[in-house]
Amino acid sequence: MDPDKELLLRLAQTDPSGLGREEREHLALLSRQVLEQPLIMVNSTTSGMVAGAGETWRAVEHYLEERNIGAEIRETGSIGLLSEEPVLSVQLPGRTRLFFRRVTADRVPALLDDIFHMVIPAELVIGQLPGNRQETWSDIRNLDNIPFFALQSRIVLEHCGIIDPFSLAEYVGRGGYSAFLSVIRRYTFSEVCNLVIRSGLRGRSGGGFPTGLKWKTAADTPSDQKYLICNAEESDPGAFTDRYLMEGNPFQLLEGIAIAAYAIGSNRAYIYIRSELKDSVKRIDHAIRELRNFGLLGDNILDSGYNLQISLRKGPGAFVCGEETALIASLEGRRGMPAPKPPYPTATGYLGRPTVVNNVETLSNLPGIIRKGPDWFRSIGQKDCPGTKIFSISGRSRITGLVEVPMGTTFDVIVNKITGGVERGRELKAVHVGGPLGYMIPPALMDLEITYENLKKHQLGMGSGGILVLDDRTCVVNMVRYFTAYVDKQSCGKCIPCREGTRRMAEVMERICSRPADEPDQSALDRFRGVLEMESLSGVMKDTSLCGLGQNAPNPVMSSLKYFREEYEAHVFDRVCPSNICTQLRSWFIDVDLCTGCSICAKRCPAEAIIGTPRHPYFIVQEKCIGCGICYEVCKFSAVYYK
Ligand code: SF4
Ligand code: SF4
Ligand code: SF4
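Residues numbered from 1 in each chain as written. Chains lettered and ligands numbered in written order. Predicted model: local features only at pLDDT ≥ 70, side-chain atom pairs only at ≥ 80, totals over all residues. Heavy atoms only, no water.

## Looking at the sheet that holds strand β11 (residues 401-406)
What the 5 strands build is an open sheet, ordered β11-β10-β14-β12-β13; its pairing is mixed. Strands with a single pairing partner mark the edges of an open sheet, and in this sheet they are β11 and β13 (439-441). The mean angle between the axes of side-by-side strands here comes to 30 degrees, regardless of whether they run parallel or antiparallel. Pairing geometry for strand β10 (residues 388-395) and strand β14 (residues 466-471), over 4 bridges, is parallel. Considered in β14, the bridge of Gly-395 is made with Val-469. (Pairing = 2+ DSSP bridges. Helix = DSSP H or I, 4+ residues; strand = E, 2+ residues; numbered from the N terminus. Axes fitted to C-alpha atoms, helices over the stretch in contact; angles between N-to-C directions.)

Okay, here's the thing in structure tokens:
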């Protein structure tokens, strides 16, 4: 066997202190914890590439070639600061690693010139990552002391943005695979279930069901075959946790899958992923091949007698396929539609066999729990809700990205302290948590501690952890209109309450935010009736829809009606959008001093609401205007304005 491979496998099965001094040093080199030449790492995940990391990479290559400098360039994941991409890190031999923000290609030569002359550009540096036997840079803050990281507990995200996701050596060099190998060597299936039950880990996809109990049901169901499915569908458009876990540390996920599969007595696991997540697919695919090559997947893994195959299955990316029975149907080659429960998949799942479906974040927690023990996990977060939760922060937040905090952290800490709140001069209006099926939460509830139970007490939830930050420029009603329209399109149509309920909600919201040309005089009453109808529909949908999509579809409407009722009243009765976002509720005018009488707006107006004589100022008849804004877009003289 290749000696490097043998050394890594020995490490995974023993404590580093069990290795000789030379072996430890060789291992430190293999896992890039000790360097012989400078190391430059570029975040090549989706956020980095969108911000230009590909060009940054080429600029680094060009710089090194041109100056004939011997240095290694590697890909890495994201450290979570998505709004600071492209993030690049540089480590010189013997020194701590430095992280830099917004390193576009044009900034590369000056930045590397500075670093190779031991000068750190203050405007670009984020901080340094302390490491063993590494000299620190003076006057540079440790990452842990920066507000964005200081209040986080990065246990699942720990290595994202630090290691090369294509290097098994880097993962193993930091303790990777020791959990799985100790599981298959030291524990029975049920002992692993019990360990995870003791840890208190709960599913991170929103429901918060205890993971170990779910496993136990499947483990205790007699069958010739059992399946473990990793739900990597992440269909909520506002959540990107799973994507960055897969792109930043695929081996951690695969180790978690292997532990879960072993615990339920399964030797067949699938990762169900949206085909459009190409970077995740690439990294997971590579990691599976690497594990097979090392003998950490396949038959008789390291002579333990345990066999495990993991396969990737790409799905079309339907929102409803995030629901476990729909996912299983899609995996079986059928249309992705939910099925009634019971029977639960843990009894009758994929191909009619006991099946456990866990999501990426849940599974990525497992290696740490096994390695450090259930008591360690219980020491983080809350008694009834231990561990951490990763939130994807987007919207009008000063910093957008991934944040991992102990359960029980408040929204205030996440939104105002870690990600810096909204822009200076603006006010926080709401946070929307949990995507299109989520909840609109007002600033008054920012001190709410985030646990499954606590949110439930307030009729709220965390969904898969997407937090959309909204400032005073946002129209809550319009945002909810968008969610209802989205969910209406995603309903699979199998059951009437969801199919008809989501359609009706979308229609009512559309009517509230728009001004049809044929709007009758009594329409305010119709709109008000529509709101009342949504309130009563909501109860029916929650009680009678077959799956979570229909049951949770009313959440944005009901939470916003509860906390932002006055905004609805302004739209419904006054026909005014207080944030001036609903274009159709704007009143449009023509400035007679600027209008040249070119007549273009009158020709393009769909409601024939603009009248006038060519070469003289035109005029908008308010009673006929439907507020489409076309005149504003086509006027070349900036003569059209709105109030
Ligand atoms: S609740 Fe909606 S998405 Fe779920 S099965 Fe019924 S129609 Fe389909
Ligand atoms: S397009 Fe502008 S300038 Fe031309 S008639 Fe309309 S308002 Fe006047
Ligand atoms: S906004 Fe302008 S183009 Fe649209 S209906 Fe009113 S006047 Fe006509």
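More follows now that the structure is in view.
## A short note on the confidence of the model for the protein chain
Confidence in the prediction of the protein chain, expressed as mean pLDDT, is 92, and 98% of residues score 70 or more. Per-element confidence in the protein chain ranges from a low mean pLDDT of 71 for helix α1 (residues 3-13) to a high of 98 for helix α12 (residues 250-263). (pLDDT = per-residue confidence, 0-100.)

## Some points on the pairing of strand β1 (residues 39-43)
β1 sits mainly inside the fold: 5 of its 5 residues count as buried. Both faces of β1 are covered, namely the face carrying Leu-39, Met-41 and Asn-43 and the face carrying Ile-40 and Val-42. Sheet topology places β1 next to strand β3 (residues 88-91); 4 bridges connect them, and they run antiparallel. Looking across to β3, one finds that Met-41 is bridged to Ser-89. (Buried < 20%, exposed > 50% of the residue type's maximum accessible area, 1.4 Å probe, protein only.)

## Side note on the layout of surface pockets
Roughly 1,200 Å³ of internal volume is contained in the second largest pocket. Lining the second largest pocket we find 41 residues, and of these Gln-33, Pro-130, Glu-158, His-159 and Arg-174 sit closest to its centre. Those elements giving two or more residues to the lining of the second largest pocket turn out to be α1, α2 (21-30) and α7 (168-173). Looking at the lining of the second largest pocket, the element that brings in the most residues is α2, giving 5 residues. Class assignment for the residues of the lining of the second largest pocket results in 15 nonpolar, 14 polar and 12 charged. Shared between two domains, the lining of the second largest pocket takes at least three residues from each, and those domains are domain 1 (13-150) and domain 2 (169-378). (1 Å grid on protein atoms, 1.4 Å probe; cavity = no way out; pocket = protein on both sides within 12 Å on 5 of 7 lines; lining within 4 Å. Points joined across faces, edges and corners; volume = space filled by probe spheres on them. Nonpolar A, V, L, I, M, F, W, Y, C, P; charged D, E, K, R; others polar. Domains from an automatic or database assignment.)

## Digging into the site of ligand 2
Taken together, Ile-590, Cys-595, Thr-596, Gly-597, Cys-598, Ser-599, Cys-601, Tyr-618, Cys-635, Phe-637, Ala-639 and Val-640 are the residues near ligand 2. Counted by class, the shell around ligand 2 contains 9 nonpolar, 3 polar and no charged residues. (Near = heavy atom within 4 Å.)

## Brief notes about helix α14 (residues 324-331)
Taken across its 8 residues, α14 has 8 buried, putting it largely inside the fold. Within α14 the residues assigned to the buried category are Glu-324, Thr-325, Ala-326, Leu-327, Ile-328, Ala-329, Ser-330 and Leu-331. Tucked inside the fold, the buried residues of α14 contact α10 (211-220), β6 (227-232), β7 (268-274), β8 (309-315) and β9 (355-359). Just beyond α14, the residue with positive phi is Gly-333, at close to 90 degrees. (Contact = heavy atoms within 4.5 Å.)

## Side note on the domain arrangement of the protein chain
Domains assigned within the protein chain are domain 1 (13-150), domain 2 (169-378), domain 3 (391-467), domain 4 (477-574) and domain 5 (586-642). The centre of domain 3, based on its C-alpha atoms, is set 42 Å off from the matching centre of domain 5.

## Some thoughts on the site of ligand 3
All residues in the neighbourhood of ligand 3 are listed as Trp-588, Cys-605, Pro-606, Ala-607, Ile-610, Ile-620, Cys-625, Ile-626, Gly-627, Cys-628, Gly-629 and Cys-631. Residues that form the shell around ligand 3 fall into these classes: 10 nonpolar, 2 polar and no charged.

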